[in-house]
Amino acid sequence: MKKILVCCLLFLVGSFSYTQSKYQTKEEKLQQLKTREDIKVTEVEKDLLKLEYPNGKVLYKNIGDYKPPTANNIIYSPTFDSTIIDLSNIDTTLYSGMYSYWQEVPLTNFDFSHILVGDVNNNGKTELYGARKFFETDSEPISIYELNDQDEFVFKYQYDSADLSWNIYDIDKDDNQDFHVLGYGGDQRIFSKESDTSFAKELNFSFYYPAQLSDQTLADFDSDQYTDLLFAKSGLPNVHIFEYNPNTNNFDSVYRFDVNEAAPFGNSGFSVADFDIDNKTEMVFGTMKGNVFVLENEGDNQYNNSWQGTVDIYNAYIHTWTHDIDNNGKPEFWVLGDGFINGATTTRITIFENNGDDSYQVVGKVDLLGVFSFYAGTMQAVDIDNDGVDEVAICIDDNFLVLKFNGSRDHHTYELYYIKKNEAYPEGEWTTYFGGVVNDLLDNDEFEILISMSHTIEVQPPIYNLSRAVTKIYRHDSTTIVYVDVLSPITIKLYQNYPNPFNPTTNVRFTIGSSISTSIKIYNILGKEIRTLLEKNLLTGEHSVQWDGKDDRGNLLPGGVYFIQMIAGSYQKTIKTILLK
């Protein structure tokens, strides 16, 4: 058994900057949680929190010191290895030249998630999917941004009453990708394409289940050519599998697994693959108490609980799997949990391999010291350096990092390949990471990093918070140039309204580079001012207002051509729009 410690000696050198050399205490983490006024926090019992997020997600987090169960059933490989990385003492300047800020989009998928990436309309231009939230406005439904010929992501389409982006997948097997979202009413909505070159904008069907569903995963688990839907029920001890039925054009329940744990319940995951190499699909998920379950397919719509184990940490909610990272012929599944160990914040990743049919053992661990998260939690296997071996990208708390395998066959040790820590900002302003994903956005074998976050500014007097949602994109930079990572656009710009033509409403999007008095007004074809949409001093960033086709008196206007004018300081621009009747 071998342990590897990765850390940096603390010393002061010129312009080098280091994070504070200590771990956050439980009290400091709880104080940090209080800054999120949009999260409802309930202490259901001592050291056990129920967190209700604005997107409907419900999560239980154990914040007590970790106590191993009386019956510990963890089986370790004889060649088990452990890596320890102290994230409180990392010199981030060692990694700052690897990736540089490229651009941002006003999209997120909120806490513990990242935006979706696809090319649904098959035009070779990458699309990004997520909900929009600007300063001083409520959260907007899911929007699509698409890469243009200048390699900039621009707004293309907005869905109606759609809250979360879940999956891009060909559900009905018609060779066209469908788009799976969470509707405002709690229903699952499946949008399909009108043609091979269109976005998935047509509502195909809705699926409603009376609970908040977590980690919805689509695949054909039993190889019967019908799409299966796997999910956990937030706050309940159930994991379900539904299957798409083409006769009813909806999902039917085919399997339910009840987790045998005492309340309160917390289940999440999933990793899906043939982990014991028996030509049967396995699905792995974890629980708040640190238990790990494997469900296995046994035939057409037949499943069973084939294995149960434990990790020695709480909140084992975050999962991924790798394609035989140590080249011994066995895939691995990774389970990430977090907690307090001897009072110190710790994120622990446990790596499993099979040691026989329906049997698994721990082959490695990675401890990230100084990290515990109430908001961010994503983990992805991706060959980011194109060397044929998976790396693991993790967004946890205020850190986005990539782990690289540096061990050998049957020896799982890892090093820090890259890290991007959340930036420090002036007092009264901060960002909070939600999640991250790595993707080749330009299809050029160079991977970009997309980190989703909220950006909050405290305004006073009176004291209140303004926030916006944003995903910042970083691209690989082999030079020594480090570009400025800005939180908001630096230019003033009025974009074309969307939709255009419109009926009954249209969105007017614009950016301002500094706090300035801004007006948005509507004029008719004769040049007469008929509506003031906005006239106030705004903060730096991207903003959006909506016009409902009415004048200042609330009267519906006739169809025809209208002009939208923006004035901000010396900037003035007018665009044309058409109201349909």
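A quick note: this is a predicted structure, and the numbers were derived from the prediction, not measured.

Bringing the overall build of the chain into the picture now. Scanning the chain from N- to C-terminus turns up 1 helix and 40 strands. C-alpha atoms of the chain, sized along the principal axes, occupy 80 × 70 × 50 Å. Residues counted as buried form 57% of the 581 residues belonging to the chain. At a minimum sequence separation of 6, the contacts of the chain that also span at least 24 residues come to 54%.

Quick look at the environment of Asn250 now. Inspection of the secondary structure assignment puts Asn250 in strand 18 (residues 250-258). Taking C-alpha positions, Asn250 is 7.5 Å from Ser206, a pair spaced 44 residues apart along the chain. Within the structure, Asn250 has its side chain in polar contact with the backbone oxygen of Ser206 (distance 3.0 Å).

Another point: the nonpolar core. Counting 60 residues, the largest nonpolar core has Trp334, Ile349, Ile394, Phe400 and Leu403 as its most contacted members. Excluding its chain neighbours within four sequence positions, the residues that come into contact with Leu403 are Ile85, Trp334, Ile349, Val366, Glu391, Val392, Ile394, Glu415 and Leu416. By size, the runner-up hydrophobic cluster in this structure holds 21 residues, among which are Leu534, Leu557, Met566 and Ala568.

Burial of strand 21 (residues 291-299) is extensive: 7 of the 9 residues sit out of reach of the surface. Here strand 20 (residues 282-287) runs beside strand 21; their pairing, made up of 5 bridges, is antiparallel. Among the inter-strand pairings, Phe285 is bridged to a residue of strand 21, identified as Phe293. Hairpin connection of strand 20 to strand 21: 3 residues between the antiparallel strands, including Gly290 at a positive phi of 95 degrees. By the bridge criterion, 8 bridges tie strand 21 to strand 22 (residues 302-310) in an arrangement that is antiparallel.

Let us look at the sheet that holds strand 8 (residues 127-132). Taken together, the 4 strands give an open sheet; going across it, the order is 7-8-9-10, and neighbouring strands pair in antiparallel fashion. Sheet topology places strand 7 (116-118) and strand 10 (153-158) at the edges, where each strand pairs with a single neighbour. Along the sheet, successive strands turn relative to each other by an average axial angle of 30 degrees, direction set aside. When strand 8 meets strand 9 (residues 140-147), the two strands line up antiparallel, connected through 6 bridges. What sits directly across from Leu128, in strand 9, is Tyr145.

Across the junction of Gly269 and Phe270, the peptide omega takes the value 15 degrees, indicating a cis bond. The residue Phe270 is located in strand 19 (residues 267-273) in this model. For the bond from Tyr498 to Pro499, the omega torsion is 0 degrees, close enough to zero to count as cis. Tracing the sequence through the fold places Pro499 in the loop between strand 34 (493-494) and strand 35 (506-512). You will see that Lys173, though not glycine, has its phi angle at about 55 degrees, which is positive. Relative to the elements of secondary structure, Lys173 occurs in the loop between strand 11 (162-169) and strand 12 (178-183). Phi angles above zero are rare outside glycine, and Asp443 is one such case at about 55 degrees.

Criteria and thresholds
- Residues numbered from 1 in each chain as written.
- Predicted model: local features only at pLDDT ≥ 70, side-chain atom pairs only at ≥ 80, totals over all residues.
- Heavy atoms only, no water.
- Helix = DSSP H or I, 4+ residues; strand = E, 2+ residues; numbered from the N terminus.
- Buried < 20%, exposed > 50% of the residue type's maximum accessible area, 1.4 Å probe, protein only.
- Contact = heavy atoms within 4.5 Å.
- Polar contact = N/O pair within 3.5 Å; in protein donor to acceptor, adjacent residues only side chain to side chain.
- Core = buried A, V, L, I, M, F, W, Y, C linked by side-chain atoms within 4.5 Å.
- Pairing = 2+ DSSP bridges.
- Axes fitted to C-alpha atoms, helices over the stretch in contact; angles between N-to-C directions.

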